[in-house]
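Descriptive analysis of the structure
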Amino acid sequence: MTAFSEADVGGGIRLHYAADGAADAPLALLVHGFPEGWYSWRHQLPVLAEAGYRAVAPDVRGYGGSSRPAEVEAYALEALAGDMAALAAQLSPDRPSVVVGHDWGAPIAWTSGLLHPGRFRAVAGLSVPHAAPGNRAPDEVHREMFTEKDRYFYIEDFQNEGVAEAELEADPAAVIRKFYYAISGDAPPGTWPNDKKPGDGLLKGLPEPPMPLPWLDQDDVAHYAAAFARSGFRGPLNRYRNRRRDWDMLRRLESHVITQPSLFISGTKDPATMLGGAKWKERLHALLPDLRGLHMIEGVGHWTQQEAPETVNSYLLAWLDHLGSTAA
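Residues numbered from 1 in each chain as written. Predicted model: local features only at pLDDT ≥ 70, side-chain atom pairs only at ≥ 80, totals over all residues. Heavy atoms only, no water.

**Notes on the overall build of the protein**
Regarding its fold elements, the protein presents 14 helices and eight strands. Principal axes of the C-alpha set define a box for the protein whose edges measure 50 × 45 × 40 Å. For the protein, the proportion of its 328 residues judged to be buried stands at 57%. (Helix = DSSP H or I, 4+ residues; strand = E, 2+ residues; numbered from the N terminus. Buried < 20%, exposed > 50% of the residue type's maximum accessible area, 1.4 Å probe, protein only.)

**Regarding the packing of helix α7 (residues 172–182) against helix α8 (residues 218–231)**
Axis separation between α7 and α8 bottoms out at 8 Å; the angle between their running directions is 130°. Considered as vectors, α7 and α8 are oriented oblique to each other. Considering how the two elements wind past one another, α7 and α8 form a crossing that is right-handed. Contact with α7, carried on its side by Pro172, Ala173, Ile176, Arg177 and Tyr180, involves Val221, Tyr224, Ala225, Phe228 and Ala229 of α8 and no other residues of that element. Residues of the contact of α7 with α8, tallied by class, amount to nine nonpolar, no polar and one charged. (Axes fitted to C-alpha atoms, helices over the stretch in contact; angles between N-to-C directions. Parallel < 35°, antiparallel > 145°, perpendicular 65-115°, else oblique. Left-handed = near helix turned anticlockwise from the far one by under 90°. Contact = heavy atoms within 4.5 Å. Nonpolar A, V, L, I, M, F, W, Y, C, P; charged D, E, K, R; others polar.)

**With respect to the side chain of Arg177**
Here Arg177 is to be found in helix α7. The buried category is assigned to Arg177, whose relative accessible area is 15%. Not counting chain neighbours up to four residues away, the residues in contact with Arg177 comprise Glu208, Pro209, Met211 and Val221.

**Thoughts on the environment of Pro133**
Within the secondary structure, Pro133 is located in the loop between β6 (120–126) and α4 (138–145). With residues up to four places along the chain from it excluded, the contact list for Pro133 reads Trp247, Leu250, Arg251 and His256.

**Quick notes on the pattern of salt bridges**
One pass over the full model with this rule turns up 16 salt bridges. Salt-bridge contacts for Arg143 lead to Asp139; the nearest nitrogen and oxygen are separated by 3.4 Å. With Arg143 and Asp139 both in helix α4 and four residues apart, the pair spans about one turn of that helix. On the basis of relative accessible area, Arg143 is assigned to the partly exposed category, the value being 33%. Relative accessible area serves as the criterion here: at 9%, Asp139 is assigned to the buried category. (Salt bridge = Lys/Arg side-chain N within 4 Å of Asp/Glu carboxyl O.)

**Some thoughts on the sheet that holds strand β2 (residues 13–20)**
If you walk across this open sheet you meet the eight strands as β1-β2-β4-β3-β5-β6-β7-β8, and the pairing is mixed. The strands lining the two open edges of the sheet, one partner per strand, are β1 (3–10) and β8 (291–297). The average undirected angle you get between the axes of adjacent strands in this sheet is 20°. Here strand β5 (residues 97–102) runs beside β6; their pairing, made up of six bridges, is parallel. The residue bridging Val100 from the neighbouring strand is Ala124, located in β6. The sheet contacts of helix α3 (residues 105–115) involve β3 (27–31), β5, β6 and β7 (262–267), and relative to β6 the element is tilted by about 160°. (Pairing = 2+ DSSP bridges.)

**Focus on the side chain of Ser231**
Inspection of the secondary structure assignment puts Ser231 in helix α8. Not counting residues up to four positions away in its chain, the partners in contact with Ser231 are Gly62, Tyr63, Gly64 and Arg68.

Structure representation (structure tokens):
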């Protein structure tokens, strides 16, 4: 049965989390993305617990019931990876854990494994493949590719502090319905408008979905809307405002190779995966030498573990079974 608690992870940050499974079982930490919360792992928590793990899904700082510092720099990737390492250390002090992330949670998971290899014995990512930082800062690339060409790009729009918050906080339920649908596997081609301009905002041109979706109903939307009504969107948006800070941090590392056993899962209709470019699979194999599974689920869009929970669960369980109870 899913239970809820909080943990002090240092620096004045408390993380609210959902947990299922025995307290002394091996820990599997599930990290959500944008705009989600612990609830995005609702289909995985009981299944992993039944398989003998303690499955824990925190609200990342800035979300839900977790701490919400206002400063942009408080949401740097290094800090969020530190949160996960501190949480894992509290919940599993005597043995390393497994960390799994989706969307923004995937870079958090990859970076957690990279910066804290003694704390995490295996790493899995959904939707966003692990990648090394490029030779040019992402903010420069985004401006050149989109803003300077008068094309909309959501990450560029999210840099407008206060403006982006006002748009999303005006109707959190509409954000969930429209944004989730627009980049899901259910959305027909052309759902995401290609004529948007800088400053148009996230929701302009996005249609109302035919609710309920097979994987998202009104109760799910209401849960997310209530969570964002509580937390607001400043913390989640601040994650996107650390592009240069994250790039600088990652560029300082001697290596971006994750040596722990790894797994990657995505959908064939996930636009976030395709942002990695045509050779993302080659780069993934180079950076994950112990990659034990690369799965593309046919017809699934961005919300991997919500759109195809049974398939994702089967891949996760097979991977965890292959890992065995090493260090458990």
